[in-house]
Amino acid sequence: MEKVMSNKLVIALYVLPSLLLLLAVIYVPIVLTGYYGLNQWNGIGSMTFVGLDNYQHLLTDSAFWQSAWHSLLLALFSGISLIGYLVIAMILSGKIKGANLLRKIYLIPMLLSSVAIAQLWLKMYHPTNGVFNSILASVGVHNPPEWLANPSLVLFALFIPIIWQYAGFYILIYYAGLKNIPETLMEAARIDGASAWQIATRIKLPLLREVINVTIILSIVGSLKYFDLIYVMTDGGPNGASEVMASYMYHQAFRSFDFGYGSATAFALLLICLIATWLIRKVTATSDTIQYS
Amino acid sequence: MSNEYGLRKRSHQKWFAGLTLLLSFMLVLSGCGAGKDGQGGSSGDGGKVTLKMMHLWPEGSSAQQSKLVTQIIDQYQKDHPNVVIQQEVLENEQYKNKLKVLSASNELPDIGITWAAGFMEPYVKGGLFTPMDDLLQGSKLKDKFVPGTTEAYALNGKTYALPIELNITPIYYNKAIFQKYNLKVPTTFDEFKQVVKTLTDHGVAPIALGNKDRWTGSLWYMYLADRIAGNETLKKAIDGSGSFDDPGLIQAASEVQTLVDMNAFNKGFNGLSNDEGKSEFMNNKAAMYLMATWELPNFTTNPAIPQAFKDQIGFFKFPMVAGGKGNENSWVGGPGVGLFVSENSKVKEEAKAFVEYFVVKWGEQSVTQAGVIPATKVDTSKEKLPKLYVDLLNGLNQASSITLFADVQMKPNAAQVHLNMIQALFGKAVTPQQFADQHKAAIEKGN
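Our subject in this report is the structure included herewith. Quick caveat, the model's predicted, so the values are computed rather than measured.

Broken down by element type, chain A carries 14 helices and 2 strands. Seen through its principal axes, chain A has C-alpha atoms that stretch 75 × 75 × 30 Å. The buried share of chain A, taken over its 293 residues, is 42%. Counted over contacts in chain A with a minimum sequence separation of 6, partners at least 24 positions apart contribute 67%.

See the structure below:
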């Protein structure tokens, strides 16, 4: 068996089917998208090659940069919320009462589809019958905010369900990472008289570093390309106040019939995500890997 | 962990070469795939013909229409045993998206639904719809359509789809609420504003509006533009021969903001969908609702809606504005959706025959069974129809002009600008002048 597995031809043969599939459904479309971006195309009929026109237009398109700014804000918010997730995970991994139940509670949003979450929060944000405004009205606020109709509020009103939606996912990752740290290390620290705070910051955090790096990449790249909840809840409105890069791309391609420009936007989104990943890896690079044994 | 990388590096270049090769291979393959078009219909064994039909009347949200379609199809299959018709039903927004995706891959269903004018244009220019003029001149359909309806589906002298709906847009109102506050149906815009004021003074939302969908707000702007500047001015501004800079059109935009300032619309309208906005009206919370006659089944035939509610719904024409150029009998509306046959269908003749049959049957039955106004002429004397329906049909007969919905008239890109600007106007994010400027720029761009 060992001999077979070291045979290069066999390795290639085993890898080939999934590689082909991956190429066909991921990499070829990426290349094609880049190519469509070089054309003027309404999605039907023939394409006209226009070179880099679409990409040049993108650089000066204020609506695109506005949506990019919104995506960046979302990335920032989800980056910050990671701290919250980490704290919760640390508390849950400690020996507290009801940790099991709490873990399940945090995980439930993960089980819902984005559309279901969107519908749920649409009801909560309803300007007259929604939970928030009903509470506000009952304590005597006469003009409660119109969460999704107010251009300066809508973005943050959308961030809250998004952060809520992913809480379970990141808490689970951190929780697993924390459980992976050998109990003996903490015990030794405790014998040396370390406080809970010291254990958390001096032992758990450094040992969790790789996991944290991964979650930072996941959350920031995920935020940059985020689409579904925003599409269902506001469709980028009112008047682009909650437009993000992915929804902008969608609107260009499927609403304005400008598939060339939409593709260019999609390709730009890919580049931005790649650059973001590269930057984060640079910033968070670790020289040493931890090994427990 | 770290040593593994060293191992891989050696064959790195070879792999890369292989990858490039594969990539180009796949490109060639996908190129081949696009060459032949996979078409829906097939006239295979035993002379059986399968027709694929895609439409947008899901059982949930358009119960009456959905029932009627199935009924017509069943009857047709009984009369033509060699034909099988497969339905694919999607909700409005999904329908539009799927249509675009299918067009890009040249796989349109044999029969489908389209909207008129600007919406249809890219499809027609792409050679995807087949002309229907022979059906129009045929014995079954000649002179059957209400004048002006098929024209919206014509391009370069050919008609590419047959309309099945005709819509005008009245203001529905809740008689019970009007009675409670001693309100009379307004005939002028000043009276209308007075009604709005009385209702807000009593804490009732005057108008139900869900402007997340944006075309809903567009109706208000269109009517004000029509009443103040006249339908010709609006039409010319939209097709580019006139301008949105017209003082009447700018005044219309500022009247919209006046209504917003008066709290005429329910709270948070810019964040609510049309369905959410509508529910304010359906729950007796808002007094008025401006919507096309496709809502008629909900006020007449839909069994899911209590009769008591249906009985208290009336309608009035959009009021006249003092000094304005428009008159009361000028409507916003136009043909709703129409049926097209795919140019690349392998069973084009059969598909066309079915469309002809469908249009005739729909015209006969949609009135009584679905409560929609068909684009074909209706003989009201024969049928026993709900009063609201007859009144609206009479309104339609007196129509001096019908202005097609702006977002349907405009080309896709300009339509998006228009819709976004509508939301901005209602949200007071732009001034009427900026509203006009953005429209001008979008229409000059010409796509």
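So, about the sheet that holds strand β15 (residues 401-404) of chain B. All names here are of chain B. Pairing is mixed in the open sheet, where 3 strands are placed in the order β8-β13-β15. Only two strands of the sheet have a single partner each, and these edge strands are β8 (166-168) and β15. Across the sheet, the mean angle separating the axes of adjacent strands is 40° when strand polarity is ignored. Summarising the sheet, strand β13 (residues 330-335) and β15 pair through 4 bridges and their orientation is parallel. When the sheet's bridge partners are listed, S330 is paired in β15 with S401. Of the strands in this sheet, β13 and β15 are in contact with helix α9 (residues 215-229), which crosses β13 at around 130°.

A few words on the environment of W278(A). Residue and element names in this part refer to chain A. In this structure, W278 sits in helix α14 (residues 259-284). The exposed category is assigned to W278, whose relative accessible area is 52%. Distance in space between the C-alpha atoms of W278 and T184 is 36 Å, their sequence separation being 94 residues.

This part covers helix α3 (residues 53-60) of chain A. All names here are of chain A. For α3, the complete set of buried residues consists of N54, Y55 and L58. An end-on view of α3 places all buried positions within 100° of arc, on one side of the element. Among the exposed residues of α3, those oriented more than 90 degrees off its buried face are L59 and T60. For α3, the elements touching its buried residues are α2 (8-36), β1 (39-40), α4 (62-93) and α14.

Take the pattern of salt bridges next. All names here are of chain B. What the rule picks out here adds up to 16 salt bridges over all chains. Here E88 and K98 are joined by a salt bridge, their closest N and O atoms 2.5 Å apart. Of the two residues, E88 sits in strand β3 (residues 83-89) while K98 sits in helix α4 (residues 92-104), which places them 10 residues apart along the sequence. For E88, a relative accessible area of 30% gives the class partly exposed. Overall, the relative accessible area of 29% leaves K98 in the partly exposed class.

Let us look at the interface of chain B and chain A. On the chain A side, the residues contacting the 35 residues of chain B number 37 residues. Our count for the contact surface shared by chain B and chain A stands at 1 salt bridge. Between K267(B) and E146(A) there is a salt bridge whose closest N-O contact spans 3.4 Å. At the surface where chain B touches chain A, the tally comes to 10 residue pairs in polar contact (both at pLDDT 80 or more). For the side of chain B that touches chain A, the secondary structure elements donating two or more residues are α2 (12-35), α4, α5 (117-125), α12 (274-282) and α18 (412-426) of chain B. With 7 residues, the single largest contributor to the side of chain B that touches chain A is α18(B). Of the residues belonging to the side of chain B that touches chain A, the class tally is 16 nonpolar, 11 polar and 8 charged.

With that settled, the discussion passes to the pairing of strand β14 (residues 337-341) of chain B. Residues and elements named next belong to chain B. With respect to burial, β14 is a largely interior element, 5 of its 5 residues being buried. The two faces of β14 match: V337, L339 and V341 on one face and G338 and F340 on the other face are all buried. Pairing of strand β4 (residues 111-115) with β14, which is carried by 5 bridges, proceeds in the antiparallel orientation. Each residue of the ladder has a partner; that of I113, found in β14, is L339. Examined bridge by bridge, strand β7 (residues 162-163) and β14 share 2 bridges and lie antiparallel to one another.

All names here are of chain B. Relative to the 21 Å expected for 15 residues at 1.5 Å per residue, α18 spans 21 Å between its end C-alpha atoms, a close match to the ideal helical length. Most of α18 sits inside the fold, with 13 of its 15 residues counted as buried. In the stretch just after α18, K428 is the one whose phi turns positive, near 60°.

Right, let's talk about the packing of aromatic side chains for a bit. Per the stated rule, a full pass over the model turns up 54 aromatic pairs over all chains. Summarising the aromatic geometry, the rings of F156(A) and F159(A) are spaced 5.7 Å apart at their centres and angled 80° between planes, so their arrangement reads as edge-to-face. A residue pair is termed a helical-turn pair when its members lie 3 or 4 positions apart in one helix, as F156(A) and F159(A) do in helix α8 (residues 154-180) at 3 residues. Judged by its relative accessible area of 36%, F156(A) falls in the partly exposed class. Relative accessible area serves as the criterion here: at 1%, F159(A) is assigned to the buried category. Look at W115(B) and F119(B): their rings are 5.0 Å apart centre to centre, the planes differ by 70°, and that puts the pair in the edge-to-face class.

Conventions adopted
- Residues numbered from 1 in each chain as written.
- Chains lettered and ligands numbered in written order.
- Predicted model: local features only at pLDDT ≥ 70, side-chain atom pairs only at ≥ 80, totals over all residues.
- Heavy atoms only, no water.
- Helix = DSSP H or I, 4+ residues; strand = E, 2+ residues; numbered from the N terminus.
- Buried < 20%, exposed > 50% of the residue type's maximum accessible area, 1.4 Å probe, protein only.
- Contact = heavy atoms within 4.5 Å.
- Pairing = 2+ DSSP bridges.
- Axes fitted to C-alpha atoms, helices over the stretch in contact; angles between N-to-C directions.
- Arc of directions from axis to C-beta.
- Salt bridge = Lys/Arg side-chain N within 4 Å of Asp/Glu carboxyl O.
- Polar contact = N/O pair within 3.5 Å; in protein donor to acceptor, adjacent residues only side chain to side chain.
- Nonpolar A, V, L, I, M, F, W, Y, C, P; charged D, E, K, R; others polar.
- Expected span 1.5 Å × (residues − 1).
- Phe/Tyr/Trp six-rings, centres within 6.5 Å; stacked < 30°, edge-to-face > 60°.

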